[in-house]
Amino acid sequence: MEDGAGGTLRVRVPAKINLHLAVGPRRSDGFHDIVSVLQTISLYDTLRVHRNDDAHAAHPSARRHMRVALTLDGDEEAAGVPADASNLVLVAARRLMDHLGIGMDEDEDGDESGPWSRLHLTKRIPVAAGMAGGSADAAAALVGLNRLWGADLTIGALCDIAATVGSDVPFCVAGGTGLATGTGTSVARVLTRGTTHWVVGIDHAPLSTADVYAAFDRLEPPVPTGPDQVLHALRMGDLDGLAAALHNELEPAAIALRPELAERREAMLRAGALAAIVSGSGPTLLGLARDAIHARRLAAELEGHFDAVEVAAAPAGGPEILPGRAA
Ligand code: ATP
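What follows is about the domain arrangement of the protein chain. By the assigned domains, the protein chain splits into domain 1 (8-190) and domain 2 (196-314). Using only C-alpha atoms to locate each centre, domain 1 and domain 2 end up separated by 25 Å. On the domain 2 side, the residues contacting the 29 residues of domain 1 number 34 residues. Three residues stand out in domain 1 for area buried against domain 2, namely Leu19, His20 and Leu21, and they jointly supply 24% of the buried area on that side. A salt bridge links Arg124 to Glu310; its shortest N-O distance comes to 2.7 Å. The tally of links from domain 1 across to domain 2 stands at twelve residue pairs in polar contact (both at pLDDT 80 or more). Looking at the side of domain 1 that touches domain 2, the elements with two or more residues in it are strand 1 (7-26), strand 2 (32-51) and strand 6 (177-181). In terms of residues, the side of domain 1 that touches domain 2 owes the most to one element, strand 1, which gives ten residues. Among the residues forming the side of domain 1 that touches domain 2, the class breakdown is 17 nonpolar, nine polar and three charged.

As a packed pair, helix 2 (residues 133-148) and helix 3 (residues 155-163) sit with axes 10 Å apart at the nearest point and diverge in direction by 135°. Taken together, helix 2 and helix 3 sit at an angle that is classed as oblique. Read as a crossing pair, helix 2 and helix 3 show a hand that is right-handed. Between helix 2, through Leu142, Val143 and Asn146, and helix 3, the contact on the second element is made entirely by Leu158, Ile161 and Ala162. By residue class, the composition of the contact of helix 2 with helix 3 is five nonpolar, one polar and no charged.

Relative to each other, helix 9 (residues 260-271) and helix 10 (residues 292-302) sit at 130°, their axes nearing to 10 Å. The orientation of helix 9 with respect to helix 10, classified from their angle, is oblique. Handedness of the crossing formed by helix 9 with helix 10: right-handed. Between helix 9 and helix 10, the residues in contact are Ala267, Met268 and Ala271 and Leu298, Glu301 and Leu302, respectively. Of the residues belonging to the contact of helix 9 with helix 10, the class tally is five nonpolar, no polar and one charged.

A few words now on the pattern of salt bridges. Here the structure, examined in full by the defined rule, presents twelve salt bridges. Note that Arg12 is salt-bridged to Glu320, the shortest N-O span being 3.3 Å. In this pair, Arg12 sits in strand 1 while Glu320 sits in strand 13 (residues 320-323), placing the two residues 308 residues apart along the sequence. Among the residues examined, Glu320 registers a relative accessible area of 37% and is labelled partly exposed. Overlapping salt bridges, with partners in common, bring together Arg27, Asp29 and Asp33 in one network.

Rules and cut-offs
Residues numbered from 1 in each chain as written. Predicted model: local features only at pLDDT ≥ 70, side-chain atom pairs only at ≥ 80, totals over all residues. Heavy atoms only, no water. Domains from an automatic or database assignment. Contact = heavy atoms within 4.5 Å. Buried area = accessible area lost by both parts, 1.4 Å probe. Salt bridge = Lys/Arg side-chain N within 4 Å of Asp/Glu carboxyl O. Polar contact = N/O pair within 3.5 Å; in protein donor to acceptor, adjacent residues only side chain to side chain. Helix = DSSP H or I, 4+ residues; strand = E, 2+ residues; numbered from the N terminus. Nonpolar A, V, L, I, M, F, W, Y, C, P; charged D, E, K, R; others polar. Axes fitted to C-alpha atoms, helices over the stretch in contact; angles between N-to-C directions. Parallel < 35°, antiparallel > 145°, perpendicular 65-115°, else oblique. Left-handed = near helix turned anticlockwise from the far one by under 90°. Buried < 20%, exposed > 50% of the residue type's maximum accessible area, 1.4 Å probe, protein only.

Structure (structure tokens):
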């Protein structure tokens, strides 16, 4: 990891899918309680983190202030990813620094004095697409900066900080397969057998999660459905059982806002997917394949129906620290 003065590392972090998503009525604080079975899937963003000082010289809290700057790859601002303090990477960095008692200084051009950390985000997870890309990036920041700064917080402590950043962030820190309850921030690990293969139909036009929940509130409430069937299929490695059990109560709301999703979902089924479902709040569509070869065949057949089509496997672990090159 070490790279001359300071240090650099990269964190590769996967997107998520919801195999089961049940949504309760809107609460008085505007949030919805959910019950969700989440799984990571092998579409990844990468966050490179670099610091100029020696993390081992002192515990990070001995540094009273630090400058933190974020840069993005070229096309990402155009795709709606903010480069300012509202980027979930910087929100997570600030929450971690608050926890460690470090103040965040504004980055002033050319000022190289004092400790600083530079973060660079490369996105491959579709943006505002129901795959928790921003939450994954926040998780990458927590895991990566915890290591880079030698803060040595446990995964449990990082999950507590993650819950203050966003509903999906604790799951993204933990990775694998989880059962999320409350507003999504309470996550229990789920036992699974085997790997599933998916075709992922991507629509570049974003769909706002808030808009999808507002549309959900205008529709008839769904008949209450529990996650048992999905949990059982995962435990048994029962692919057909999983295909029959996939459940997303935000799907009618996403389709109400983006009616063409219904036709595209049918196209996935016609092409031979075992099941097809909107991912989270959409507009990404997921088709369950029998195996990796089947997933590639489905992808080739579905190309004309989406802005982009990927194949991916689940579960895909959690944030993974890789050696990094200097920034
Ligand atoms: P979820 O499924 O968690 O609701 P999503 O996958 O639908 O999320 P994201 O890709 O996380 O959506 O992005 C939602 C919005 O968050 C974006 O439109 C953007 O304005 C903002 N955002 C902040 N930080 C990031 C980030 N690092 N990557 C992507 N979007 C970000």
